[in-house]
Amino acid sequence: MTREYLYYPGCSLKGSGNPYDRSLRAVFGTLDLRLEEIADWNCCGATAYLSVDADTAVALAARNLALAERQDGRDVVAPCSGCYLSLTKAKVSLEADPALRERVTAALKTGSLDYRGTARIRHPLEVLMTDIGAPEIRKRVVRPLKGLRLAPYYGCAILRPYEEVDDAHTPTVLEDLMRTAGATPVDFPYKSRCCGGMLTSGVPGIGLRLVEILLDAAADSKADALVTTCPLCQYNLEVFQDRLRKDRPERLPVLYFTQVLGLALGLSEPALGLDQLLWRPALAVEVRR
Amino acid sequence: MGAERTVKYEEELDPTFAETVAAVPGGEHLWDCIQCGTCSATCPVSLYMDRTPRQIVGLVRAGFRDEVLGSRSIWLCTSCYACTVECPAKLPITDFMFALKRLAMEDARYRHFVIPRIEEAFVKMVRANGRLTESRMGMKVAFRNGLRPLASLVPVAWRLYRRGRLRPLHKERMRDPASLRAVLGALPGKAKGASM
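Per-chain numbering applies: the sequence of each chain, read as written, is numbered from 1 onward. Key to labels: chains lettered from A, ligands numbered from 1, both in the order written. Given that the model is predicted, a residue must reach a pLDDT of at least 70 before its local features are reported, and side-chain atom pairs must reach 80 or more before they are shown or counted; all residues, however, enter totals for whole chains, interfaces and linings. Hydrogens are left out, water is left out, and the side-chain values use all remaining heavy atoms of the structure.

A. The arrangement of the environment of B:K171 in detail. All names here are of chain B. Helix and strand definitions follow DSSP, with helices as H or I runs of at least four residues and strands as E runs of at least two, each counted in order from the N terminus. Along the polypeptide, K171 turns up in the loop between α10 (147–162) and α11 (177–185). Sequence-wise, K171 and N129 are 42 residues apart; in three dimensions their C-alpha atoms are separated by 8.5 Å. Note on contacts: a residue pair is in contact if any heavy atoms of the two residues lie within 4.5 Å. If near-sequence neighbours (up to four positions away) are discounted, K171 is found in contact with N129, T133 and R136.

If you want it as structure tokens, here you go:
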């Protein structure tokens with residue numbers, strides 16, 4: 001059965017998060033989940049707008065949701081954790097604050113947009129594991145990733161503060177996906193600890209320390225790779241390894257969960273953007289049928 | 001050697017500050033805090049802050065306006081929401097920090113730190129194009145941090161470019177950014193703490 005969704009890629013997936021976009025489309029396509037990009041979407045507002053102007057932050061996100069509602073009532077898939085949270089937060093704020101809702105809907109009306117608050121915002125990890133589910137996905141696995149040890153890294157925004165993807169304290173959905181792909185999730189105590197966010201570029205002295213803490217823990221867990229659900233986490237954990245790991249030769253591949261699942265589904269490395277990663281995972285070669 | 005006074009007289013405090021913060025979206029729960037410090041213990045960056053989140057709440061209540069709005073702490077908050085889900089008094093501390101960031105943004109005296117500058121650049125770029133071009137934003141940030149951080153990004157940028165993850169000439173842009181600006185421009189006048 002074909003399932004249809006609207007797609008909100010966000011700015012990162014058009015840039016350094018390109019392998020996420022590619023692998024997500026490939027995996028969704030294989031599983032008969034159709035994505036249609038929201039027409040002329042705008043920036044979700046990220047955290048920057050909340051630091052500058054609360055109404056504008058909400059209006060930015062709401063415009064995207066109104067566009068989605070106009071297109072039709074399909075769920076909106078937002079793969080970037082930051083976008084996922086901005087859109088969800090705006091929706092929650094508009095439900096909780098009637099005065100805010102009036103200001104924002106009035107502004108949207110001037111652009112012939114009608115916000116009703118009906119669009120559901122989904123993260124693709126939850127879409128895969130709920131709408132299709134592990135048993136169905138397992139049937140489609142042609143290349144179980146046997147013996148592959150993966151550290152699950154959720155980051156912050158898909159768990160906190162709303163817990164709509166999974167429980168904030170003991171999430172398991174990413175581990176479930178790994179097992180479904182035939183891989184072995186390792187115990188990773190920092191799976192929802194902050195990746196440093198934008199501090200890695202703004203205040204590297206602090207931001208890179210946060211990254212280092214995660215890389216050290218991943219090394220301790222003897223994982224073959226880290227698995228992320230967010231383009232900013234992936235970027236932070238991947239690109240600073242040369243600077244943080246000057247004294248050791250090994251580099252830890254940092255994959256998107258869509259790449260992990262795609263491998264198990266038999267998709268090719270280029271189709272999953274694995275050739276776009278800085279640290280090419282040897283695992284993809286070593287995978288046994 | 002001059003004598004430096006390290007204690008403030010009460011008359012130097014801002015008695016209206018707590019009220020101001022409590023009236024701003026995100027600041028409403030100011031008086032619910034029980035000063036237990038769970039936020040500071042949970043926060044992954046509190047170790048590097050000049051004042052911990054618990055201290056920030058205490059200082060707001062006591063009227064230490066300059067200390068709070070001039071603090072690096074509010075800008076070091078990465079909004080990971082770890083404190084928010086742990087707070088036993090159910091304070092949305094992340095939103096509280098956002099409220100303080102907005103108040104700080106309203107006064108140029110408090111915008112000297114690198115992070116508010118980045119936020120300003122971000123907002124400007126989105127106003128112009130409707131979307132963000134990561135690579136251009138990264139360049140702006142690196143420039144602000146000086147030549148050495150900029151140089152350290154060159155090998156990374158080269159690698160990302162080789163892998164199709166950085167398009168130097170590409171500008172991420174809406175088809176019609178003016179339509180977004182029109183909507184944002186139609187928002188009513190700005191209340192204190194809600195906006196810049």
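After that view of the structure, there is still more to cover.
B. Inspection of the packing of aromatic side chains at higher detail. Residues and elements named next belong to chain A. Two rings from Phe, Tyr or Trp (for Trp, the six-membered ring) form a pair when their centres are within 6.5 Å of each other. A pair whose planes differ by under 30 degrees is stacked, one over 60 is edge-to-face, and the rest are tilted. A complete count under the given rule lists seven aromatic pairs over all chains for this structure. For the ring pair Y5 and F28, a centre distance of 6.2 Å and an interplane angle of 65 degrees mean the geometry is edge-to-face. Residue Y5 is found in strand β1 (residues 3–7), and its partner F28 is found in helix α2 (residues 18–30); the two are separated by 23 residues along the sequence. Only protein chains enter the accessibility calculation, which uses a 1.4 Å probe. A residue is then buried if its area is under 20% of the maximum for its type, exposed if over 50%, and partly exposed in between. Relative accessible area serves as the criterion here: at 0%, F28 is assigned to the buried category. Centre to centre, the rings of Y235 and F240 are 6.0 Å apart; their planes meet at 85 degrees, and the pair counts as edge-to-face. Using a relative accessible area of 3% as the deciding quantity, one classes F240 as buried. Ring pairs connect the aromatic residues Y20, Y256 and F257, which therefore count as one cluster. Lying over the aromatic face of W279, R251 brings its terminal NZ or CZ to 5.7 Å of the ring centre. A ring has a charge above it when a Lys NZ or an Arg CZ is no more than 6 Å from the ring centre and no more than 35 degrees off the ring normal.

C. Main features of unusual backbone geometry. With an omega of 0 degrees, the peptide bond between A:R160 and A:P161 qualifies as cis. Here A:D32, not a glycine, exhibits a phi torsion of approximately 65 degrees, which is positive. If you trace the backbone, A:D32 turns up in the loop between α2 and β2 (33–37). Judged by relative accessible area, A:D32 falls into the partly exposed class, the value being 35%. In this structure, B:Y81 is a non-glycine residue whose phi angle is positive, near 65 degrees. Tracing the chain through its elements places B:Y81 in the loop between α5 (73–76) and α6 (82–86). B:Y81 gets classed as buried once you look at its relative accessible area, which sits at 4%.

D. Quick peek at a positive patch on the surface. All names here are of chain B. Like charges within 9 Å and nonpolar side chains (Val, Leu, Ile, Met, Phe, Trp, Tyr) within 5 Å are joined into patches, using only residues over 30% in relative accessible area that form no salt bridge. Computed with a 1.4 Å probe, the accessible areas rest on the Shrake-Rupley method; for each residue, only the protein chains presented here act as cover. The working definition used for a salt bridge is a side-chain nitrogen of Lys or Arg within 4 Å of a carboxyl oxygen of Asp or Glu. Just so you know, the count uses Lys and Arg for positive and Asp and Glu for negative, and it drops His and the chain ends. For this purpose, a charge sits on NZ of Lys, CZ of Arg, CG of Asp or CD of Glu. On the surface, a cluster of positive charge is made up of R117, K124, R127, R136, K140, R144, K171, R173 and R181. For the positive patch, the secondary-structure elements that each account for two or more residues are α8 (114–129) and α9 (134–145). Considering the arrangement of structural elements, one finds R117 in helix α8.

E. Here's a closer look at the environment of B:V68. Residues and elements named next belong to chain B. Here V68 is to be found in helix α4 (residues 65–69). The exposure class of V68 is buried, given its relative accessible area of 0%. Taking the C-alpha atoms as reference points, V68 and G58, separated by ten residues in sequence, lie 9.8 Å from one another. Once residues lying within four places of it in the same chain are set aside, the contact partners of V68 are F17, I56, L59, V60, I74 and L100.

F. Structural detail: the interface of chain A and chain B. Facing the 62 residues of chain A at the interface are 58 residues of chain B. Summed over both partners, the accessible area lost on bringing two parts together, with a 1.4 Å probe, is the buried area. Of the roughly 5300 Å² buried where chain A meets chain B, counting both sides, 64% is carbon and sulfur surface. Among the residues chain A hides against chain B, the three largest losses belong to A:D40, A:S51 and A:V52. Together they make up 12% of the total. Counting across the interface, chain A meets chain B through three salt bridges. For the salt bridge of B:R165 with A:E238, the shortest nitrogen-to-oxygen distance reads 2.9 Å.

G. Layout of the sheet that holds strand β5 (residues 149–152) of chain A. All names here are of chain A. The strand order across the open sheet built from four strands is β6-β5-β7-β8, with neighbouring strands paired in parallel fashion. Edge positions in the sheet fall to β6 (184–185) and β8 (254–256), since each of these pairs with one other strand and no more. In this description, strands pair whenever DSSP reports at least two bridges between them. Two elements, β5 and β6, share two bridges in a ladder whose sense is parallel. Bridge pairing in β6 places L150 opposite P185.

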